[in-house]
Amino acid sequence: MIRVGVNGYGTIGKRVADAVAAQPDMELVGVAKTRPNFEADAALRRGYALYAAVPDRIDDFSNAGIDVAGTLPELLEAIDIVVDCCPSGVGADNRSLYADHDVAAVFQGGEAAGVADASFNARANFEDARGAEFVRVVSCNTTGLSRVIAPLRERYGIEKVRATLVRRGGDPGQSDRGPINDVLPDPVTVPSHHGPDVNTVIPDVTVDTLGLTVPATQMHTHSLNVTLDSAADAEAVKELLASEGRTFLIPEDAAIDGAGKLKEFARDVGRPRGDLWENCIWERSINVVGRDLYLFQNVHQEADVVPENIDAIRAICTDVPAAESTARTNQALGVGLESRFGSEAPDRETLIADD
Ligand code: NAD
């Protein structure tokens, strides 16, 4: 059993905690929070041991009637690895504390790449995290790009990727980011930092990205143009992308026209919190003109990095092979939406998790 703690129990932390608790080879020892808000209440309802992330504030919890099991340093003494899900930049501040307690750590994409020995995407560079002390799971946008770029590069070779990232202005709960009513080139400098971030997990590919922020909360939308090294046809690309374990090709007949209906579908099929862990690629958008591939995809910023965090833990703490780890994670969470439209289900990864 890998003993895991989660420090920072917000949008990403609560999802990672649930995902850890669902793995048969992991034990969620506890979660650390700075304050006794509604998420602390929810953590206790889920049966998670709650720790005060800032020891001096432990009385705030007891004053609010919230039971805590101890403080963050005590949690760190009881675990093999911590998943740091604190706001951007706070993870870097926590790094020395984790080192002092001899605890390995997984950081999130809001941290600079230098916080960790390796940046990580399970599909792109699983082995780079093997046995590392500190690993950073790349951001939601970089995760979404890497999951498409890695298989295309393996199959066809890539001359250049050009991607426009239409990013949600804030998560649904981030009321401090709004109200907003604008479309912002963000960052206004071109290309944006997302391409170099892809290069932290796939070094030898040319990726130019442009970013925009729009008044939406549910998902990001990516518009991709990939110039392949060799000719391809659209049907073969559809088959390739459908066969990936963490993609969902949105079928034409499903009448899903945007993030609203995608999230509605996720809730209808019983996804926790309406989460979409997969890249959601509009099947109809996949087109090839000569060596130029075009597609639109949506990524759920709150969810797509969650299975990647689980695989990062296994890469650091075990010798479980990459394919076996991703299969285990997918099976435990239920990752891999399959369309009921069309004649056949896609031929997905055949590896069965061997627990
Ligand atoms: P969030 O604000 O929703 O959650 C962060 C939590 O950490 C909050 O509960 C906050 O109270 C708590 N916190 C603040 N200071 C702390 C401290 N010193 N110790 C412990 N907890 C502390 O943030 P988030 O969206 O979950 O982002 C966390 C990380 O994940 C960031 O690096 C972010 O860039 C990255 N990320 C976010 C998204 C997203 O869309 N939300 C997607 C991918 C990656």
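Predicted model only: the values in this text are computed from it and were never measured.

1. Topic: the sheet that holds strand S4 (residues 70-71)
Phase 1 of the analysis: The strand order S4-S3-S2-S1-S5-S6-S8-S7 describes an open sheet built from eight strands, whose pairing is parallel. In this open sheet, the two edge strands, each paired with only one partner strand, are S4 and strand S7 (118-120).
Phase 2 of the analysis: Note: strand S1 (residues 2-7) against strand S2 (residues 26-33), six bridges, orientation parallel. Residue pairing in the sheet places Asn 7 in a bridge with Ala 32 of S2.
Phase 3 of the analysis: Across the sheet, helix H1 (residues 11-21) is in contact with S1, S2 and strand S5 (81-84); its angle to S2 comes to roughly 160°.

2. Notes on helix H10 (residues 259-268)
Phase 1 of the analysis: Every buried residue of H10 is accounted for by Ala 259, Leu 262, Lys 263 and Ala 266. Looking straight down H10, one finds that the buried residues subtend no more than 95° of arc, so they occupy a single side.
Phase 2 of the analysis: Tucked into the core, H10 has its buried residues touching strand S13 (247-250), strand S14 (279-282) and strand S16 (292-299).
Phase 3 of the analysis: Following H10 by one or two positions, Gly 270 has its phi on the positive side, about 85°.

3. Structural notes on the nonpolar core
Phase 1 of the analysis: Grouped together as the largest cluster of nonpolar side chains are 43 residues, with contacts concentrated most on Val 31, Phe 120 and Ile 313.
Phase 2 of the analysis: The dominant element in this core, judged by the number of residues it contributes, is helix H11 (residues 306-317), at six residues.
Phase 3 of the analysis: Aside from chain neighbours lying at most four places away, what touches Val 31 is Val 6, Tyr 9, Ala 17, Ala 43, Tyr 48, Ala 49, Leu 50, Tyr 51 and Leu 75.

4. Some words on the site of the ligand
Phase 1 of the analysis: Close to the ligand lie 20 residues, the nearest being Thr 11, Ile 12, Arg 168, Asp 171 and Gln 301.
Phase 2 of the analysis: Between the ligand and Gly 110 there is a distance of 3.2 Å, counted from an oxygen atom to a backbone nitrogen or oxygen.
Phase 3 of the analysis: The contact in question runs from a nitrogen atom of the ligand to an N or O atom on the side chain of Asp 171, over 2.6 Å.
Phase 4 of the analysis: For the shell around the ligand, the class distribution of residues is eight nonpolar, nine polar and three charged.

Cut-offs used in this document
Residues numbered from 1 in each chain as written. Predicted model: local features only at pLDDT ≥ 70, side-chain atom pairs only at ≥ 80, totals over all residues. Heavy atoms only, no water. Pairing = 2+ DSSP bridges. Helix = DSSP H or I, 4+ residues; strand = E, 2+ residues; numbered from the N terminus. Contact = heavy atoms within 4.5 Å. Axes fitted to C-alpha atoms, helices over the stretch in contact; angles between N-to-C directions. Buried < 20%, exposed > 50% of the residue type's maximum accessible area, 1.4 Å probe, protein only. Arc of directions from axis to C-beta. Core = buried A, V, L, I, M, F, W, Y, C linked by side-chain atoms within 4.5 Å. Near = heavy atom within 4 Å. Polar contact = N/O pair within 3.5 Å; in protein donor to acceptor, adjacent residues only side chain to side chain. Nonpolar A, V, L, I, M, F, W, Y, C, P; charged D, E, K, R; others polar.

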